[in-house]
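Summary of the model geometry
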Amino acid sequence: MTDVTENPTESVDAPVDAEALLDEGDIAADYLEELLDLADLDGDLEIETRAGRVYLSVESENADDLRLLSKPDVVSALQELTRLAVHARTGEFSRLILDVGGSRDARAQELAALVDRAVERIEGGASSAALPPMSSYERKLVHDLVAERGFTSESEGEGAERHTVIRRA
């Protein structure tokens, strides 16, 4: 089952072709459905578009069906493979975000806890607090969390070592 939800609050910064996003979501969903079939796993897919990006979620009534696929490294790999499948069909770079079995929400909670501990260190007298390396998507979530708490943050480092440093505002 595939549901498509369009969010009317698209990003104003860059013009986004809503039809192209829906096509991207459909291609990605087809790819993942085929993968789930090959692995003999049950999963329901939901496609949503927000801020010029496709968000694809895979859920299952039986949590064990997606247990292995919902590990962070596996989700990242599946996301990249899905992006490549979209690129192969459209010739366009895909920025889709994949969530398997609620893994993104779980990771967002982990990141919030990391930010909380870093803020505590700064409030305890540290001039800054560096977080471990993470993906650009995760760094964006961290930057948003840090700003909500009244602190500043910036990404430092290159490639796989790129990380976020938090400081007082």
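Provided above is the structure to which this section pertains.
This write-up is about the structure you can find in this document.

**What about helix H1 (residues 18-38)?**
Taking 1.5 Å of rise per residue, the 21 residues of H1 would be expected to cover 30 Å, and the 30 Å separating its terminal C-alpha atoms lies within 8% of that figure. Of the positions making up H1, those classed as buried are Leu-21, Glu-24, Gly-25, Ile-27, Ala-28, Ala-29, Leu-32 and Leu-36. With a side-chain oxygen lying 3.1 Å from the backbone nitrogen of Glu-19, the N-terminal cap of H1 falls on Asp-17. At the C-terminal side of H1, Asp-40 shows a positive phi close to 55°.

**As for the pattern of salt bridges**
Applying the stated criterion across every chain, the model contains eight salt bridges. Glu-48 is paired through a salt bridge with Arg-50; the nearest N and O atoms lie 3.3 Å apart. We note a salt bridge from Asp-116 to Arg-149, for which the minimum N-O separation is 2.8 Å. Separated by 33 residues along the polypeptide, Asp-116 in helix H3 (residues 103-123) and Arg-149 in the loop between helix H4 (136-148) and strand S6 (151-156) bring together distant segments of the chain. Each member of the salt-bridge network shares a partner with another, and the members are Arg-107, Glu-110 and Glu-138.

**With respect to the layout of surface pockets**
One number sums up the size of the largest pocket: a volume of about 410 Å³. Lining of the largest pocket is provided by 17 residues; of these, Arg-53, Arg-83, Ser-136, Tyr-137 and Lys-140 occupy positions nearest its centre. Contributions of two or more residues to the lining of the largest pocket are made by strand S3 (53-59), helix H2 (72-90) and H4. When residues of the lining of the largest pocket are assigned to their parent elements, the largest contribution, five residues, is made by H4. Among the residues making up the lining of the largest pocket, the classes are represented as five nonpolar, four polar and eight charged.

**Describing the pairing of strand S2 (residues 44-50)**
When a strand is regular, its side chains alternate between the sheet's two faces. Going residue by residue along S2, you find Leu-45, Ile-47 and Thr-49 tucked away on one face and Asp-44, Glu-46, Glu-48 and Arg-50 left uncovered on the opposite face. Two strands pair when backbone bridges link them, and S2 and S3 are joined in this way by seven bridges, in the antiparallel orientation. Residue Thr-49 lies in a different strand from S3, and its bridge partner there is Val-54. Counting the residues in the hairpin turn of S2 and S3 gives two residues, including Ala-51, whose phi is positive at 45°.

**Quick look at the sheet that holds S6**
Strand order in the open sheet formed by three strands is S5-S7-S6, and the pairing between neighbours is antiparallel. Only two strands of the sheet have a single partner each, and these edge strands are strand S5 (128-130) and S6. Shown here is a sheet whose adjacent strand axes are inclined to one another by a mean of 20°, direction ignored.

**Re empty space enclosed by the protein**
A full pass over the atoms with the stated rule returns one cavity of 30 Å³ or more. Taken as a whole, the largest cavity encloses approximately 40 Å³ of empty space. Every residue along the wall of the largest cavity is listed here: Leu-32, Leu-35, Leu-36, Val-58, Leu-69, Leu-78, Leu-98 and Val-100. For the lining of the largest cavity, the secondary-structure elements that each account for two or more residues are H1 and strand S4 (97-100). Of the residues forming the lining of the largest cavity, the biggest block, three residues, is contributed by H1. Grouping the constituent residues of the lining of the largest cavity by class yields eight nonpolar, no polar and no charged.

About the criteria used
- Residues numbered from 1 in each chain as written.
- Predicted model: local features only at pLDDT ≥ 70, side-chain atom pairs only at ≥ 80, totals over all residues.
- Heavy atoms only, no water.
- Helix = DSSP H or I, 4+ residues; strand = E, 2+ residues; numbered from the N terminus.
- Expected span 1.5 Å × (residues − 1).
- Buried < 20%, exposed > 50% of the residue type's maximum accessible area, 1.4 Å probe, protein only.
- Polar contact = N/O pair within 3.5 Å; in protein donor to acceptor, adjacent residues only side chain to side chain.
- Salt bridge = Lys/Arg side-chain N within 4 Å of Asp/Glu carboxyl O.
- 1 Å grid on protein atoms, 1.4 Å probe; cavity = no way out; pocket = protein on both sides within 12 Å on 5 of 7 lines; lining within 4 Å.
- Points joined across faces, edges and corners; volume = space filled by probe spheres on them.
- Nonpolar A, V, L, I, M, F, W, Y, C, P; charged D, E, K, R; others polar.
- Pairing = 2+ DSSP bridges.
- Axes fitted to C-alpha atoms, helices over the stretch in contact; angles between N-to-C directions.

Bear in mind that shape data such as this cannot, by itself, settle questions of function.
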